[in-house]
Number of protein chains: 2
Amino acid sequence: MAVRDEPVSRRERPAKPALSRRSILDAALTLIRERGVESVSLRHVAERVQTGPASLYAYFASRDVLLEHVLDDVYGTVELVDAGAGDRGWRDALAGTIVNTIDALGRYPGLGAVALGMIPTLPGALRLADHELGLMSLGGIPEAQAGLAIDLIAQFVAATATERTVRGAPLGAPERDAIRDAFRSADPERFPHLVRSVDALTRPTEQERRDFAIQVIIAGIAGAGGSVWAAGPASARA
Amino acid sequence: MAVRDEPVSRRERPAKPALSRRSILDAALTLIRERGVESVSLRHVAERVQTGPASLYAYFASRDVLLEHVLDDVYGTVELVDAGAGDRGWRDALAGTIVNTIDALGRYPGLGAVALGMIPTLPGALRLADHELGLMSLGGIPEAQAGLAIDLIAQFVAATATERTVRGAPLGAPERDAIRDAFRSADPERFPHLVRSVDALTRPTEQERRDFAIQVIIAGIAGAGGSVWAAGPASARA
DNA sequence: ATCGTTCGCGAACATTGTTCGTTACAAACG
DNA sequence: CGTTTGTAACGAACAATGTTCGCGAACGAT
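Calculation criteria
- Here, residues in each chain are numbered from 1, in the same order as that chain's written sequence.
- The naming scheme follows written order: chains are lettered A onward, ligands numbered 1 onward.
- Two thresholds apply to this predicted model, a pLDDT of at least 70 for residue-level local features and 80 or more for giving and counting side-chain atom pairs, whereas whole-chain, interface and lining totals are computed over all residues.
- Side-chain metrics in this entry use all non-hydrogen atoms of the structure; hydrogen atoms and water are not considered.
- Secondary structure is summarised from DSSP: a helix means a run of H or I of at least four residues, a strand means a run of E of at least two, and numbering begins at the N terminus for each.
- We call a residue buried when its accessible area falls under 20% of the maximum for its residue type, exposed when it is over 50%, and partly exposed in between, using a 1.4 Å probe and counting protein chains only.
- Contact criterion: two residues are considered in contact whenever any of their non-hydrogen atoms come within 4.5 Å of each other.
- Method for areas: the Shrake-Rupley scheme with a 1.4 Å probe, in which residue coverage is limited to the protein chains shown.
- Superposing the copies works by least squares over the C-alpha atoms of residues that have pLDDT at least 70 in both of them.
- An axis is simply a line fitted to the C-alpha atoms; with a helix, the fit covers only the stretch in contact. Between two such axes, the angle follows the N-to-C directions and lies from 0 to 180 degrees.
- To sort the angles, those under 35 degrees are grouped as roughly parallel, those over 145 as roughly antiparallel, those from 65 to 115 as roughly perpendicular, and the leftovers as oblique.
- Residues were grouped as follows: Ala, Val, Leu, Ile, Met, Phe, Trp, Tyr, Cys and Pro as nonpolar; Asp, Glu, Lys and Arg as charged; and all remaining residues, including Gly, as polar.

Asks: Describe the overall build of chain A, naming the residues involved and giving the relevant values.
Replies: Across its full length, chain A holds 12 helices and zero strands. The helix and strand sequence of chain A, counted from the amino end, reads α-α-α-α-α-α-α-α-α-α-α-α. Per-residue burial for chain A yields a buried fraction of 47% across its 238 residues. The contacts in chain A between residues at least 6 apart in sequence include a share of 67% that link residues at least 24 apart. As presented, chain A carries roughly 11700 Å² of accessible surface, and 51% of it is formed by carbon and sulfur atoms.

Asks: Run through the relation of the copies chain B and chain A, naming residues and quoting values.
Replies: Between chain B and chain A, which share one sequence, the superposing operator has a rotation angle of 180° and an axial displacement of 0.0 Å; the RMSD is 0.0 Å. Classification of the inter-copy transformation places it as that of a two-fold axis. By C-alpha distance to the rotation axis, the residue of chain B lying nearest is B:Gly220, at 2.3 Å. A share of 99% of interface residues in chain B that are also interface residues in chain A marks the association as one of identical surfaces.

Asks: Please provide a residue-by-residue account of the packing of helix α12 (residues 206-223) of chain A against helix α11 (residues 206-223) of chain B, values included.
Replies: For any two helices packed against each other, one specifies the crossing angle of their axes together with the interaxial distance. As a packed pair, α12(A) and α11(B) sit with axes 8 Å apart at the nearest point and diverge in direction by 105°. Relative to α11(B), the element α12(A) is oriented roughly perpendicular. Together, A:Val216, A:Ile217, A:Gly220 and A:Ile221 of α12(A) and B:Val216, B:Ile217, B:Gly220 and B:Ile221 of α11(B) make up the contact between the two elements. The residue makeup of the contact of α12(A) with α11(B), split by class, is six nonpolar, two polar and no charged.

Listed below in structure tokens is the structure:
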């Protein structure tokens, strides 16, 4: 049941390269890059490292644990953007780091979904959080606020990466037209604002949406100060 | 291959109540409420409506399609909050609507994940979007900005609901302590800011995080005007 | 009463994650 | 050098999944 950290084979020169956490991670990574997370079955991974599915359990306790480590590996490769000079330096650096994280996840279709279902405690995620905390500290964001912002940013990144890669391609023109038609043909009596705003809803590109969201989040963090509601928002339900 | 909209049974009075989209949806809904989306297999749903898995394909083309309709059904039950009087009325109404949506999804563990992998075109989602557009119009938000905001809000809601319900319970005290320990025991050389902010990162409750995020988003939408970046954010990678 | 249509579904298929018990090998020991 | 021992590796099996196929049976029309 114990999971090992180092090469396991006791042969000094096994016929094939010895199994290792690293080689399994690499196999999973290329598999995801080629065919997405959904196709990462233990059998496929095992095949790539020339063994059977049962052998993987010596290195990762389950498929989920394997995916967690794959994700953290990707987090670890994200290029951190440092703050330049000037007053707004930290903002651009934060935005750049966020974009880089989204891009990194985007190269591994479906990994974003893994991130959403996981509490980040592995080094790659810590590295990202630490960098972002440093940038916000530079910008004079109060510590309590920065702590909350970290969560929001991580959630946004994971959600964006997930949305973007639900199904391989980044949403082609035909689908976009189909959606536009669905909106346009909606009942104008029931959904007046929506029908009126069909263009505003369907024209923006993926990038525009992303940049708008990043701008909103950073502006919200920097701007509105620590004034969290005294009472929670109006909620009709118990 | 055609999927029907109305009851399919040709008997006028079949021995059991006739299969229908509605009854299948209800079965799936209670199943999700009790045991989460992951346990919604076609076999379990079929069992609840006293039939076999193959029969469901007459009403929904696949499991994913079924889940899409289940999700939209839940969207349709969300209590919309109208804007009260005053200048900030629309903000509170928008916040309240968002909270209600999160709560509604929260009652169906795992449904948020479905929302993230889907482009909303069914009536329940349209109803929500239309209401939110109306509120923002009331607040004088430019149409283009409101269109982008709709996306961000939908994404945030789905991601929050997903995070909150990865694993049944809403994150108990022992897990929280484990996370705090993981942060505290991180290398202070590599992650100085993180170690310093351990409290800010681990103390806030789920509700505080949610309210902070909503405040940031609404403030960002209302505040920063239409000044989207001229050029995209600094990105180091191609 | 018979026919043809088609709804409903039992059975099967290919995959999945995971577990169990055996095999085979390298080091430790006599 | 022969025996023992711990354990990495793995083949086989299990239960569960989404989906498809094709048959039987019940219906409306004739």
